[in-house]
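As a plain string of letters, each chain reads:
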Amino acid sequence: MNRGVVVTGGAHGIGKQICSDFISAGDLVCFIDTDETRSLDFVNQTPGLFYYNGDVADPAVLKRFVEFALDNLKRIDVLVNNACRGNKGILSGLTYEEFDHTLSIGLKAPFELSRLCKDELKKNRGRIINIASSRAFQSEPDTEAYTCAKGGIVALTHALAISLGPEVLVNCIAPGWINVTEQEEFGREDVAAIPAGKVGTPEDISKMVTFLCDQDFITGETITVDGGMNKRMIYHGDWNWYFKPD
Ligand code: NAD
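Residues numbered from 1 in each chain as written. Predicted model: local features only at pLDDT ≥ 70, side-chain atom pairs only at ≥ 80, totals over all residues. Heavy atoms only, no water.

Looking now at unusual backbone geometry. In the segment running from Gly165 into Pro166, the intervening peptide bond is cis, with an omega of 0°. Position of Pro166 among the secondary structure elements: in the loop between α5 (144-164) and β6 (169-175). Positive phi, normally seen in glycine, also occurs at Asn2, with a value near 65°. By the element assignment, Asn2 lies in the segment before β1 (4-8). Its relative accessible area of 63% is what places Asn2 among the exposed residues. Not every positive phi belongs to a glycine, and Arg125 is a case in point at roughly 50°. Summarising the element assignment, Arg125 is placed in the loop between α4 (96-123) and β5 (127-131). (Helix = DSSP H or I, 4+ residues; strand = E, 2+ residues; numbered from the N terminus. Buried < 20%, exposed > 50% of the residue type's maximum accessible area, 1.4 Å probe, protein only.)

Next comes the structure, spelled out in structure tokens:
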């Protein structure tokens with residue numbers, strides 16, 4: 001389709017699938033990632049794909065990344081804010097600095113990239129797709145930093161949609177459990193909590209990115225793609241669900 005697409009965290013997992021699917025659609029894609037080995041492998045096998053080595057937590061790196069992307073793509077139509085990584089929480093001694101670092105990757109970088117790409121995206125009536133997590137809405141213990149980054153990106157999505165519309169449509173995807181490992185089979189216990197009956201795949205998320213880029217009447221929304229995991233109601237003793245004490 002000849003779009004210029006910018007992706008963060010494109011060397012592995014969901015981001016890699018997103019890059020591949022845009023390339024298959026005939027677009028040019030530029031991604032940033034800290035994992036140089038995986039990134040170079042990917043780029044060397046993929047015509048139309050450009051790689052910038054860097055950490056999205058550093059705003060100076062983001063500025064150079066966007067300049068590099070524009071040099072190579074000549075235009076920016078789509079920004080996908082995908083990179084993030086988990087961290088500990090309040091129970092295991094998460095420090096202020098560690099909390100802040102996770103926000104730098106998962107929340108401040110998406111804001112800064114949106115700011116840097118804003119004029120290009122407006123000119124091209126583009127799209128921003130943010131990747132959150134179902135953890136934006138529900139928690140396990142000891143997950144404060146990651147959960148807050150994901151809650152923040154959901155709010156950033158509707159704030160940007162109002163600021164940048166009508167030219168730029170901004171949406172977010174909240175994945176549930178997505179298998180980004182080599183593991184191919186999952187047991188009955190693993191999938192029992194997922195009403196769709198399977199662990200998700202990077203393709204499940206990338207298909208939603210494609211859908212959101214192809215439509216023009218959804219903006220500011222976060223769409224959960226978790227196989228229904230957040231919809232199951234659990235009561236001890238009902239429907240074979242039992243609390244197992246430590
Ligand atoms: P992944 O670890 O497989 O891939 C993430 C990629 O981002 C890696 O290539 C990594 O090197 C890169 N990256 C990480 N930190 C970076 C940084 N600071 N700067 C540049 N690159 C960086 O992860 P994934 O599972 O594909 O996750 C992608 C997105 O989906 C993340 O936002 C994650 O929070 C979200 N998500 C994943 C799941 C899941 O079950 N896999 C569930 C919910 C949400």
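Having put the structure on the table, let's press on.
Another aspect to go through is the site of the ligand. His12, Ile14, Asp33, Asn82 and Tyr146 are the nearest of the 26 residues found near the ligand. Take Asn82: an N or O atom from its main chain is 2.6 Å from an oxygen atom of the ligand. Burial of the ligand by the protein amounts to 87% of the accessible area it has alone, namely 830 Å². Residue assignment for the shell around the ligand shows that the elements contributing at least two residues are α1 (13-24) and α5. Split by residue class, the shell around the ligand holds 13 nonpolar, 8 polar and 5 charged. (Near = heavy atom within 4 Å. Polar contact = N/O pair within 3.5 Å; in protein donor to acceptor, adjacent residues only side chain to side chain. Areas by Shrake-Rupley, 256 points an atom, 1.4 Å probe, with all protein chains shown as cover. Nonpolar A, V, L, I, M, F, W, Y, C, P; charged D, E, K, R; others polar.)

Here we take up the nonpolar core. Residues Val6, Val56, Phe65, Leu121 and Ile128 are the most contacted members of the largest nonpolar core, which totals 31 residues. Contributing elements (two or more residues each) for this core: β2 (28-33), α3 (59-73), α4, α5 and β6. Ignoring sequence-local partners within four residues, the contact set of Val6 consists of Cys30, Phe65, Ala69, Leu73, Ile76, Val78, Leu79 and Val80. Residues Val7, Ile14, Tyr51 and Val209 belong to the second largest nonpolar core, which totals 26 residues. (Core = buried A, V, L, I, M, F, W, Y, C linked by side-chain atoms within 4.5 Å. Contact = heavy atoms within 4.5 Å.)

Our next topic: the packing of α1 against helix α7 (residues 202-214). As a packed pair, α1 and α7 sit with axes 9 Å apart at the nearest point and diverge in direction by 50°. With respect to their mutual orientation, α1 and α7 come out oblique. For the crossing formed where α1 meets α7, the hand is right-handed. Contact with α1, carried on its side by Gly13, Ile14, Gln17, Ile18, Asp21 and Phe22, involves Pro202, Glu203, Ile205, Ser206, Val209 and Cys213 of α7 and no other residues of that element. (Axes fitted to C-alpha atoms, helices over the stretch in contact; angles between N-to-C directions. Parallel < 35°, antiparallel > 145°, perpendicular 65-115°, else oblique. Left-handed = near helix turned anticlockwise from the far one by under 90°.)

Overall, the coordinates contain 13 salt bridges when judged by the stated rule. One salt bridge connects Glu98 with Lys88, and the closest N-O pair in it is separated by 3.5 Å. Of the two residues, Glu98 sits in helix α4 while Lys88 sits in the loop between β4 (78-81) and α4, which places them 10 residues apart along the sequence. A relative accessible area of 27% places Glu98 in the partly exposed class. Here Lys123 ties to Glu120 by a salt bridge, and the two come within 2.8 Å at their closest N and O atoms. Here the residue Lys123 and the residue Glu120 both occupy positions in helix α4, the gap between them amounting to 3 residues, near one helical turn. By relative accessible area, which is 60% here, Lys123 ends up exposed. Classification of Glu120 as buried rests on a relative accessible area of 13%. (Salt bridge = Lys/Arg side-chain N within 4 Å of Asp/Glu carboxyl O.)

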